[in-house]
Amino acid sequence: MASDRPRALSGIQPTSGSFHLGNYLGAIRQYVALQETHDAFYMVVDLHAITMPQDPKDLRANTRLSAAQLLAAGLDPERCTLFIQSHVPEHAQLGWVMNCITGFGEASRMTQFKDKSAKSGANNATVGLFTYPILQVADILLYQANAVPVGEDQRQHIELTRDLAERFNTRFGKTFTLPAAHIVKEVAKIYDLQDPAIKMSKSASSPKGLINLLDEPKVTEKKIKSAVTDTEAEIRFDTEKKPGVSNLLTIYSTLTGETIAALEERYEGKGYGALKTDLAGVMVDFVTPFRQRTQAYLDDPETLDSILAKGAEKGPRGRRRDPGAGLRPARIPAREALRPHRRRTGAPRTPHRHGTGTAPVPPGRRSPRKRPLASRGCCRHTEATAPRRGTDRPPTGR
């Protein structure tokens, strides 16, 4: 990977079992293109996912499934870095630091929190949901990203990232790169097949209006053929008067590369049935190999784990590292953790204030057999802490 390339970073949540067509056309396809021109880092953001209730077992499975789908969509581990957010502990660590330099008013102005909390109710909104844009700031700044591919609805979060990076650099010295939002203007917006007035998404779309890339081909075909159109028969692109037909034309054009004008010409004088039938075939031809590639990665967990481990090892600044370091405490045997420090001198031990202390032993006299240093209930010493024979233990007596 060329080190002189500008760095790009983006992430996708593992909150669903399957990516949908909107995910692919709106984001993932841009990831594939950017790996050819940028030093690209992509992550499955499982820490962001837990701002909403999650079953741990399902979250782990969905996280791996998301990684497999990203690879199946065209991400190449030789040309980009793919990892799981929680495997790199610096994300949470820097997230806390950024929380501490963010004003409450700044965080309160984030519109996505307002929208999501309005849907779920203020009592159900978590502090994690409130501060997740600040964790997103840490995600970006850790990797010194120059470009962050996001949708227009995320532009406010990139502005917050720049503000906090400038604030940190001013207070503590130049540390972080100021990123820019990478918003591709010509990215197609895909709408619900049953309600073309709303964007296709897991949270808003009805099951029949959502094209999941891992659905059985027959299910995908049926959804396309039952898509809402209008009472006319003319096939033309008009988002105001013919949103359903316009949505189908957009999907067709985006998947095949054929212009919408060429599609209008080809289907001139034909009914909606012909358009839907042909588009269903295009969709089946697309999702079938995608499903097969995804399943191949899931059937080979060693390869998938190796790719994710190597991605995490590269760390925030490209250095090799242990992805679990910082999360695992040092392993100290229980007896060592409880044992008091050895005394370097042979000075008699002073009585312990809170228990049954020990008395000095006259010179030349051996200490009696090992005894508890203090009675039960002592705040510091227990029987487990008694020094073993042969150590530099203090002299004891009755």
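This is a predicted model, so every value here is computed, not measured.

## Observations concerning the overall build of the protein
Argument step 1. A count of helices and strands for the protein gives 14 helices and 5 strands.
Argument step 2. A buried classification covers 43% of the 398 residues belonging to the protein.
Argument step 3. Carbon together with sulfur atoms contributes 52% to the accessible area of the protein, which is approximately 21800 Å² in total.

## Let's talk about the packing of helix α3 (residues 56-72) against helix α13 (residues 301-314)
Argument step 1. Packing of α3 against α13 leaves a shortest axis separation of 11 Å and a crossing angle of 85 degrees. When the axes of α3 and α13 are compared, the pair comes out roughly perpendicular. Of the residues in α13, those in contact with R64, A67, A68 and L71 of α3 are P301, L304, D305, I307 and L308.

## As for the environment of R167
Argument step 1. Considering the arrangement of structural elements, one finds R167 in helix α8 (residues 155-172).
Argument step 2. Sequence separation of R167 and M98 is 69 residues, and the distance between their C-alpha atoms is 10.0 Å.
Argument step 3. Not counting chain neighbours up to four residues away, the residues in contact with R167 comprise I101, T102, G103 and E106.

## Let's talk about unusual backbone geometry
Argument step 1. A positive phi is found at Q144, a non-glycine position, where the angle reads about 50 degrees.
Argument step 2. Assignment of secondary structure puts Q144 in the loop between α7 (127-142) and β4 (147-149).

## A short note on the pattern of salt bridges
Argument step 1. A full pass over the atoms with the stated rule returns 14 salt bridges.
Argument step 2. A salt bridge links K242 to E232, with the nearest nitrogen and oxygen atoms 3.2 Å apart. Taken together, the positions of K242 in the loop between α9 (217-225) and α10 (243-256) and E232 in the loop between α9 and α10 put the pair 10 residues apart, joining distant regions of the chain.
Argument step 3. Accessibility expressed as a relative area gives 0% for K242, which makes it buried.
Argument step 4. Salt bridges sharing partners connect three or more residues here, namely D230, E232, E234, R236, D238 and K242.

## So, the pairing of strand β2 (residues 39-44)
Argument step 1. A large share of β2 lies buried, amounting to 6 of its 6 residues.
Argument step 2. Of the two faces of β2, the one carrying D39, F41 and M43 and the one carrying A40, Y42 and V44 are both buried.
Argument step 3. Judged from the 6 bridges that link them, strand β1 (residues 7-12) and β2 form a sheet pairing that is parallel. By the bridge assignment for β2, G11 is matched with M43.
Argument step 4. Taken together, β1, helix α1 (residues 21-34) and β2 form a β-α-β motif whose crossover is right-handed.

## Topic: the confidence of the model for the protein
Argument step 1. Confidence in the prediction of the protein, expressed as mean pLDDT, is 82, and 77% of residues score 70 or more.
Argument step 2. Taken element by element, the protein is modelled with least confidence in helix α14 (residues 334-338), mean pLDDT 40, and with most confidence in strand β3 (residues 80-84), mean pLDDT 97.
Argument step 3. Note that pLDDT drops below 50 for residues 319-344; the model gives that stretch 33 contacts with residues more than four away or on any other chain.
Argument step 4. Within the model, the stretch residues 373-387 combines pLDDT values under 50 with 25 contacts to residues more than four positions away or in other chains.

What counts and what doesn't
Residues numbered from 1 in each chain as written. Predicted model: local features only at pLDDT ≥ 70, side-chain atom pairs only at ≥ 80, totals over all residues. Heavy atoms only, no water. Helix = DSSP H or I, 4+ residues; strand = E, 2+ residues; numbered from the N terminus. Buried < 20%, exposed > 50% of the residue type's maximum accessible area, 1.4 Å probe, protein only. Areas by Shrake-Rupley, 256 points an atom, 1.4 Å probe, with all protein chains shown as cover. Axes fitted to C-alpha atoms, helices over the stretch in contact; angles between N-to-C directions. Parallel < 35°, antiparallel > 145°, perpendicular 65-115°, else oblique. Contact = heavy atoms within 4.5 Å. Salt bridge = Lys/Arg side-chain N within 4 Å of Asp/Glu carboxyl O. Pairing = 2+ DSSP bridges. Right-handed = clockwise from strand over helix to strand, strands pointing away. pLDDT = per-residue confidence, 0-100.

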